Amino acid sequence: MLTGLLGIVLTVAIATLARRAMQTRRQQEWLLAGESGVRAALLGDKNLEDLGGSVLRFLADYLGVHAGAVYANGPGGLRRVASSGVVEKDVPEAFGPGEGLLGRAVHEGRTLLIGDVPEGYLTIGSALGRGKPRHLVLVPARANRSINAIIELGFMHALPPATLELLDKVSESLGVAVRSANDGTRLQDSSSGRSTCRR
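Fair warning: this is a prediction, and the values are worked out from it, not measured in the lab.

J.: How should I be thinking about the sheet that holds strand β1 (residues 67-74) in this particular structure?
T.: Taken in spatial order, the five strands of this open sheet run β2-β1-β7-β6-β3, and their pairing is antiparallel. Edge positions in the open sheet fall to β2 (77-84) and β3 (112-114), since each of these has one partner strand only. Direction aside, neighbouring strands of the sheet carry axes that sit 15° apart on average. Relative to strand β7 (residues 146-155), β1 runs antiparallel, the two being bridged by six bridges. What sits directly across from V70, in β7, is I151.

Right, here's the structure in full:
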């Protein structure tokens, strides 16, 4: 009787451990596929607008993002370079340090998850109507300790921890891509300035 009971307990414990191991493996595979997808979206000689648009399209498909915007560091500070699913007039073109939630995320240098979205903030819009997301996530993207971009995403559903983990993992790739795009633009500007001087 005791041996049979012990066998049942052991069987249940082994099945539970196997199920957890399988879930962990699936989550790791999902994270790796997400990282690869973002890297692929950032590949190529892209300007800031193309980079932001590529990243938003991938994240919308992969994470079920309902609305989003990407702000990138360029001449004049952080400005919006791409948006998706939003009412454009409700999304700022640019923002300064410490200004609103975006400025707070940059100032604190960390991902912010907002569960109670302020009224009129990142309005989702379509031909059928408007609404606000239930959850917002703001992810600073850095390279060499400098914040080069920030991703703002709106979700109608709660975010599982794996989503935040993925966004944190890919933020550096976006930060590096933005820095490279800015370096390329500066290089182009300086070489076109030199060729103008020769004339």
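J.: I'm lost on the packing of aromatic side chains in this one. Help?
T.: Geometrically, a pair of aromatic rings is defined through the distance of the ring centres and the angle of the planes. Taken as a whole and assessed by the stated rule, the structure comprises three aromatic pairs. Taken together, a centroid distance of 5.2 Å and an interplanar angle of 20° make the contact between W30 and Y62 stacked. Within this pair, whereas W30 is found in helix α1 (residues 2-42), its partner Y62 is found in helix α2 (residues 48-63), the two being separated by 32 residues in sequence. Residue W30 is classed as partly exposed on the basis of its relative accessible area of 25%. Taking the relative accessible area as the measure of exposure, Y62 reaches 24% and is therefore partly exposed. Residues F58 and Y62 carry aromatic rings whose centres are separated by 5.1 Å and whose planes lie at 20° to one another, so their mutual orientation is stacked.

J.: What is the right way to look at the side chain of T163 in this model?
T.: Structurally, T163 can be placed in helix α4 (residues 161-198). Look past the residues within four positions of T163 in its chain and what remains in contact with it is W30, L63 and F155.

J.: Just to check I follow, could you spell out the pattern of salt bridges for this structure?
T.: A side chain of one charge can pair with a side chain of the opposite charge if their charged atoms are brought near each other. One pass over the full model with this rule turns up six salt bridges. In this structure, the salt-bridge partner of R25 is E29, at a minimum N-O distance of 3.5 Å. With R25 and E29 both in helix α1 and four residues apart, the pair spans about one turn of that helix. Since its relative accessible area comes to 44%, E29 is described here as partly exposed.

J.: I would appreciate a short explanation of the environment of L48 in the present structure.
T.: With respect to the element layout, L48 can be found in helix α2. Residue class for L48 comes out buried when judged on its relative accessible area of 9%. Each C-alpha atom, one on L48 and one on A149, is 9.9 Å from the other, the two residues being 101 residues apart in sequence. Aside from chain neighbours lying at most four places away, what touches L48 is A72, N73, R79, V81, V178, A181 and N182.

J.: Looking at this structure, how should I read the environment of A181?
T.: Here A181 shows up in helix α4. Spatially, the C-alpha atoms of A181 and L48 are 6.4 Å apart, while their sequence positions differ by 133 residues. Ignoring anything within four residues of it in the chain, the contact list for A181 reads K46, L48 and L51.

J.: Before we go on, may I ask you to explain α2 in this structure?
T.: For the α-helix, the turn length of 3.6 residues means that residues three or four positions removed from each other point alike. Between its first and last C-alpha atoms α2 spans 22 Å; for 16 residues at 1.5 Å apiece the expected length is 22 Å, and the two agree. If you check which residues of α2 are buried, you get L48, L51, G52, G53, S54, V55, L56, F58, L59 and L63. The backbone nitrogen of E49 lies 3.2 Å from a side-chain oxygen of the residue at the head of α2, namely N47.

Procedures and definitions
- Residues numbered from 1 in each chain as written.
- Predicted model: local features only at pLDDT ≥ 70, side-chain atom pairs only at ≥ 80, totals over all residues.
- Heavy atoms only, no water.
- Pairing = 2+ DSSP bridges.
- Helix = DSSP H or I, 4+ residues; strand = E, 2+ residues; numbered from the N terminus.
- Axes fitted to C-alpha atoms, helices over the stretch in contact; angles between N-to-C directions.
- Phe/Tyr/Trp six-rings, centres within 6.5 Å; stacked < 30°, edge-to-face > 60°.
- Buried < 20%, exposed > 50% of the residue type's maximum accessible area, 1.4 Å probe, protein only.
- Contact = heavy atoms within 4.5 Å.
- Salt bridge = Lys/Arg side-chain N within 4 Å of Asp/Glu carboxyl O.
- Expected span 1.5 Å × (residues − 1).
- Polar contact = N/O pair within 3.5 Å; in protein donor to acceptor, adjacent residues only side chain to side chain.

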